[in-house]
Amino acid sequence: DTAVSQTPKYLVTQMGNDKSIKCEQNLGHDTMYWYKQDSKKFLKIMFSYNNKELIINETVPNRFSPKSPDKAHLNLHINSLELGDSAVYFCASSHKGGGGAGELFFGEGSRLTVL
Amino acid sequence: DAKTTQPPSMDCAEGRAANLPCNHSTISGNEYVYWYRQIHSQGPQYIIHGLKNNETNEMASLIITEDRKSSTLILPHATLRDTAVYYCIVRVPQTGANNLFFGTGTRLTVIP
C-alpha cells in the first residue's frame, strides 16, 4: 500500500521525444512536489503544487509541464527531451506546512534515460 | 543555498552508535533542523526534526546545541540497513509548501 507511487520506474527514450511520469499519493496531503536528482546526486526542487495550484517553479525549462488533475495526483510531462534531462525524478507530498511540520514523503523515483 | 555543512563520509561499526554532525552557524531563530536519509536507489526518507530541544523518535535522536549552531543525529545501534546518505537541512516550515534544499549530505557506511 505505497503512500507515494510513481510510474514508470524506468524510462528509456530517444532525444526529441515527449514523455510523462505520473505520481499519485494516498496520504491525503494537499501539497505535492517534483524533485530532480542528477548524475552527481544533487537533489533539487523543480515544482510544488498546493491544492492543484502551482506554488514553486524553480527556473525549470518550459519543456517541463506539471499537471495536477486533483490534489492526489501530480504528473510531469516533458517535451522535446534532451540528453541533460537524464536523471532520477522524485515525486513527494506533504501536509500544508506550518509549525513544526514539513515532513515530505517521497516516491521511489523514476529513472529517465535519454539516448 | 547551502546553510549546512556536513562531513562527506563516515564509517560506523554495526551495533555501535552513529553520530552524524551538522554545522548550521547561520541558522535563524525560526528555522528548524530536519534530517533525511537516502538509501541507495530509493527516495529520501524523513528521520527527525527539531527547533531547539533535543528530540527522539523510533529511528534516531537529534541533539541541538544550546546556541543552535550545530546539531548531531544519533542512530543508537547502527545496522547495515542504515547505510545511506544523510542530509541535514535547515528550513522555516512554510504554510504553502516545504521546499527542502538538499546539500551533499554525509555518506554513512555501516561496517559489519
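One can find the structure itself at the top, above this paragraph.
This report concerns the structure included in the present document.

Reading guide: rules and limits
- Residues numbered from 1 in each chain as written.
- Chains lettered and ligands numbered in written order.
- Predicted model: local features only at pLDDT ≥ 70, side-chain atom pairs only at ≥ 80, totals over all residues.
- Heavy atoms only, no water.
- Pairing = 2+ DSSP bridges.
- Helix = DSSP H or I, 4+ residues; strand = E, 2+ residues; numbered from the N terminus.
- Axes fitted to C-alpha atoms, helices over the stretch in contact; angles between N-to-C directions.
- Core = buried A, V, L, I, M, F, W, Y, C linked by side-chain atoms within 4.5 Å.
- Buried < 20%, exposed > 50% of the residue type's maximum accessible area, 1.4 Å probe, protein only.
- Contact = heavy atoms within 4.5 Å.
- Disulfide = S-S within 2.5 Å.
- Phe/Tyr/Trp six-rings, centres within 6.5 Å; stacked < 30°, edge-to-face > 60°.

Another point: the sheet that holds strand S7 (residues 64-70) of chain A. Paired through backbone hydrogen bonds, the strands of a sheet run either parallel or antiparallel to each other. Residues and elements named next belong to chain A. Read from one edge of the open sheet, four strands run S1-S3-S8-S7, paired in antiparallel fashion. Two strands in the sheet have a free side with no partner beyond their single neighbour: strand S1 (4-7) and S7. Neighbour-to-neighbour, the strand axes of the sheet open up by a mean angle of 20°, direction not taken into account. Where S7 and strand S8 (residues 73-78) come together, five bridges link them in antiparallel fashion. By the bridge assignment, Pro-66 is partnered in S8 with Leu-76.

A few words on the nonpolar core. All names here are of chain B. Of all hydrophobic cores here, the largest spans 21 residues; its most connected members are Leu-20, Trp-35, Leu-73, Leu-75, Tyr-86 and Leu-108. Secondary-structure elements contributing two or more residues to this core are strand S2 (18-23), strand S3 (32-38), strand S4 (45-50), strand S6 (61-64), strand S7 (70-75), strand S8 (84-91) and strand S9 (106-111). Of all the elements, S8 adds the most residues to this core, at four residues. With residues up to four places along the chain from it excluded, the contact list for Tyr-86 reads Gln-6, Leu-20, Trp-35, Tyr-36, Arg-37, Ile-47, Leu-73, Leu-75, Gly-105, Thr-106 and Leu-108.

A word on the state of the cysteines. Residue and element names in this part refer to chain B. This structure, assessed with the given rule, holds two disulfides over all chains. Disulfide partner of Cys-22: Cys-88, at an S-S distance of 2.1 Å. Looking along the S-S bond of the Cys-22-Cys-88 disulfide, the torsion reads about -85°, which is the left-handed sense. Placement of Cys-22 in strand S2 and of Cys-88 in strand S8 is noted, with a sequence separation of 66 residues between them. Each member of the pair, Cys-22 together with Cys-88, is buried. Counting only cysteine sulfurs, Cys-22 is the nearest neighbor of Cys-12, a cysteine outside any disulfide, at a range of 18 Å.

It is worth spelling out the environment of Glu-55 of chain B at this point. Residues and elements named next belong to chain B. Relative to the helices and strands, Glu-55 resides in strand S5 (residues 55-56). Measuring from C-alpha to C-alpha, the distance between Glu-55 and Tyr-86 comes to 17 Å, with 31 residues separating the pair along the chain. When near neighbours in sequence (up to four residues on either side) are disregarded, Glu-55 contacts Ile-48, His-49, Gly-50, Ala-60, Ser-61 and Leu-62.

All right, on to unusual backbone geometry then. Residues Thr-7 of chain A and Pro-8 of chain A are joined by a peptide bond in cis, for which omega reads -5°. With respect to the secondary-structure elements, Pro-8 of chain A resides in the loop between S1 and strand S2 (10-13). With phi around 45°, Ser-80 of chain A is a residue other than glycine that occupies positive phi space. Relative accessible area serves as the criterion here: at 39%, Ser-80 of chain A is assigned to the partly exposed category. Phi angles above zero are rare outside glycine, and Arg-68 of chain B is one such case at about 65°.

Okay, the sheet that holds S9 of chain B next. Residues and elements named next belong to chain B. Ordered in space as S1-S9-S8-S3-S4, the five strands form an open sheet in which the pairing is mixed. Of all strands in the sheet, those bounded by a partner on one side alone are strand S1 (9-13) and S4. Neighbouring strand axes in the sheet, compared pairwise and without regard to direction, differ in orientation by 25° on average. Note that S8 and S9 share three bridges and pair antiparallel.

Moving on, we get to the packing of aromatic side chains. The final tally for this structure, using the stated rule, is 11 aromatic pairs over all chains. Note on Tyr-36 of chain B and Tyr-46 of chain B: the rings are 5.7 Å apart at their centroids and 75° apart in plane angle, and the pair reads as edge-to-face. Here Tyr-46 of chain B lies in strand S4 and Tyr-36 of chain B lies in strand S3, a separation of 10 residues in the sequence. Relative accessible area serves as the criterion here: at 0%, Tyr-36 of chain B is assigned to the buried category. When its relative accessible area of 16% is taken as the criterion, Tyr-46 of chain B is described as buried. Members of the aromatic cluster, each reached through a chain of ring pairs, are Tyr-33, Tyr-35, Phe-90 and Phe-106 of chain A together with Tyr-36, Tyr-46, Tyr-87 and Phe-102 of chain B.

Looking now at the pairing of S8 of chain A. What you see with S8 of chain A is a clean split: Leu-74, Leu-76 and Ile-78 of chain A sit on the buried side and His-73, Asn-75 and His-77 of chain A on the side with no burial. What sits between the antiparallel neighbours S7 of chain A and S8 of chain A is a turn of two residues.

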